[in-house]
Amino acid sequence: MSNTIPWQERPAGSTDVMWRYSENPIINRYDIPTSNSIFNSAVVPFKDGFAGVFRCDNKAVQMNIFAGFSKDGIHWKINHEPIEMKAGNTDFLHSEYKYDPRVTFIEDRYWVTWCNGHHGPTIGIAYTFDFQEFFMCENAFLPFNRNGVLFPEKINGKYAMLSRPSDNGHTPFGDIYISYSPDMKYWGEHRCVMKVSPFVDSAWQCTKIGAGAVPIKTSEGWLMFYHGVINTCNGFRYSMGAALLDLENPSVVKYRTKPYLLAPATLYETTGDVPNVVFPCAALHSLEEDKVAVYYGAADTVVGVAFGRISEIIKFTKENSL
Ligand code: BMA
């Protein structure tokens, strides 16, 4: 990755594996004229800076995705109009809503996956070369599904995607699956990757889990940031952990964090439209510099960034595995 990713050193005195950007949130709820909230959004290196796809719910609280651009990964200009889809591998553009986008560069283009409304949530797919024109593809799965996250390269000759089969509401369950496709249209070979943890072992991830950022290829496996949820007497609480998946067969989990890496604690994470949500959707990384910047939705209202050293996260994941 040639672009300089956003970075701040670990605060003096902190022993945390990951730490928050001191200027969080980097995107606020009213940053475009129509928005009620901007959160759960995805960014990638693009040209000499960065581009992203942002979840902006409007003041009718309709969910949609918007393109945005940034020179430094911190200060963003988000388009005021939502992405309009053109026909890609289908002319079926039906979509009742779009939310929780992820973006992955594979070979020659950027792929966007999101939670697409088709009689309930499923996984929508589109591609773009320039973040101006977007071409829609067939939905990957039947409803109900959420948290579709592509791997950044083909695995054994096929596209690979993580997802989380769900229900049509505020799903009280959820495990992570992987599916493969030869062409980004037809998906199969579905396998379970990771299930929720027993309450007594690691309660923050005992109700449901979902893939977060696009997995990062490391010598120790695919490093995948994911969210885990506990159902408390005041509702769901979303935190972030990490897993290392086998490089050749990513349905094999080598390690996953027993303690969380980041959980709602600051005011912008504990207070907002949905309190107590840390929801990772993207990560910028540099293996050479041993740095990662994770982008996460906070309290379903704003966007925050957290930093870490990749080698330390891997070490922590291995030494504190479930
Ligand atoms: C999930 C999705 C996410 C949201 C989370 C917490 O079901 O709707 O977009 O961040 O709930 O409200």
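Look a little higher up for the structure.
This text gives an overview of the structure that appears in the document. Everything numeric in this text was worked out from a predicted model, so none of it was measured.

## A short note on the environment of M224
In step 1: Checked against the element boundaries, M224 lands in strand β17 (residues 221-232).
In step 2: The exposure class of M224 is buried, given its relative accessible area of 0%.
In step 3: The spatial distance from the C-alpha of M224 to the C-alpha of L244 is 6.3 Å, given a sequence separation of 20 residues.
In step 4: Residue contacts for M224: discarding those within four places in its chain leaves L162, I176, M194, A211, A213, P215, G241, A242, A243 and L245.

## What to know about the pairing of strand β22 (residues 302-308)
In step 1: For β22, a buried count of seven out of seven residues is recorded, marking the element as mostly surrounded by other parts of the structure.
In step 2: By the alternation rule, side chains of β22 split into V302, G304, A306 and G308 and V303, V305 and F307, which are all buried.
In step 3: Sheet topology places strand β1 (residues 18-20) next to β22; three bridges connect them, and they run antiparallel. Among the inter-strand pairings, R20 is bridged to a residue of β22, identified as A306.
In step 4: Taking the residues between adjacent antiparallel strands as the criterion, strand β21 (residues 291-298) and β22 are bridged by three residues, where A299 takes a positive phi near 55°.

## Remarks on the site of the ligand
In step 1: Taken together, the residues surrounding the ligand are N40, R55, Y99, D100, Y238, V274, V277, F279 and D300.
In step 2: At 2.6 Å, a side-chain N or O of D100 approaches an oxygen atom of the ligand.
In step 3: The contact in question runs from an oxygen atom of the ligand to an N or O atom on the side chain of D300, over 2.6 Å.
In step 4: Against a free-state accessible area of 310 Å², the protein chains account for coverage of 86% of the ligand.
In step 5: A molecule is said to occupy a pocket when more than half its atoms come within 2 Å of that pocket's grid points, and by this definition the ligand occupies the largest pocket.

## Section: the packing of aromatic side chains
The description of an aromatic ring pair uses the distance of the two centres, along with the angle that the planes make with each other.
In step 1: Using the criterion set out here, one finds 22 aromatic pairs in the structure.
In step 2: Between W7 and F307, the aromatic rings sit 5.5 Å apart at their centres with planes inclined by 65°, giving edge-to-face as the arrangement. Separated by 300 residues along the polypeptide, W7 in the segment before β1 and F307 in strand β22 bring together distant segments of the chain.
In step 3: Consider the rings of F54 and W76, whose centres lie 5.1 Å apart with planes at 65°: the pair is edge-to-face. Of this pair, F54 sits in strand β3 (residues 49-58) while W76 sits in the loop between β4 (63-70) and β5 (77-78), placing them 22 residues apart in sequence.
In step 4: A residue is classified by how much of its surface remains accessible, and F54, at 1% relative accessible area, is buried.
In step 5: Classification of W76 by relative accessible area gives buried; the value is 14%.
In step 6: By way of ring pairs, the aromatic residues F46, F69, F105, Y110, F131 and F134 are connected into one cluster.
In step 7: Positioned over the ring face of Y127 is R109, at 4.6 Å from the centre of the ring.

## Some remarks on the pattern of salt bridges
In step 1: Under the criterion given, the structure shown has 16 salt bridges.
In step 2: One salt bridge in this structure joins R29 and D273, with 3.0 Å as the shortest N-O distance. Of the two residues, R29 sits in the loop between β1 and β2 (35-46) while D273 sits in the loop between α1 (267-270) and β20 (278-286), which places them 244 residues apart along the sequence.
In step 3: For D273, a relative accessible area of 40% gives the class partly exposed.
In step 4: Residue K71 is joined to D48 by a salt bridge in which the shortest nitrogen-to-oxygen separation is 3.7 Å. On the criterion of sequence distance, the pair formed by K71 in the loop between β4 and β5 and D48 in the loop between β2 and β3 is long-range, its members being 23 residues apart. The pair formed by K71 and D48 is uniform in burial state, with each residue classed as exposed.
In step 5: Among the charged side chains, a salt-bridge network with shared partners connects R55, D57 and D100.

Parameters at a glance
Residues numbered from 1 in each chain as written. Predicted model: local features only at pLDDT ≥ 70, side-chain atom pairs only at ≥ 80, totals over all residues. Heavy atoms only, no water. Helix = DSSP H or I, 4+ residues; strand = E, 2+ residues; numbered from the N terminus. Buried < 20%, exposed > 50% of the residue type's maximum accessible area, 1.4 Å probe, protein only. Contact = heavy atoms within 4.5 Å. Pairing = 2+ DSSP bridges. Near = heavy atom within 4 Å. Polar contact = N/O pair within 3.5 Å; in protein donor to acceptor, adjacent residues only side chain to side chain. Areas by Shrake-Rupley, 256 points an atom, 1.4 Å probe, with all protein chains shown as cover. 1 Å grid on protein atoms, 1.4 Å probe; cavity = no way out; pocket = protein on both sides within 12 Å on 5 of 7 lines; lining within 4 Å. Sits in = over half its atoms within 2 Å of the grid points. Phe/Tyr/Trp six-rings, centres within 6.5 Å; stacked < 30°, edge-to-face > 60°. Lys NZ or Arg CZ within 6 Å of the ring centre and 35° of its normal. Salt bridge = Lys/Arg side-chain N within 4 Å of Asp/Glu carboxyl O.

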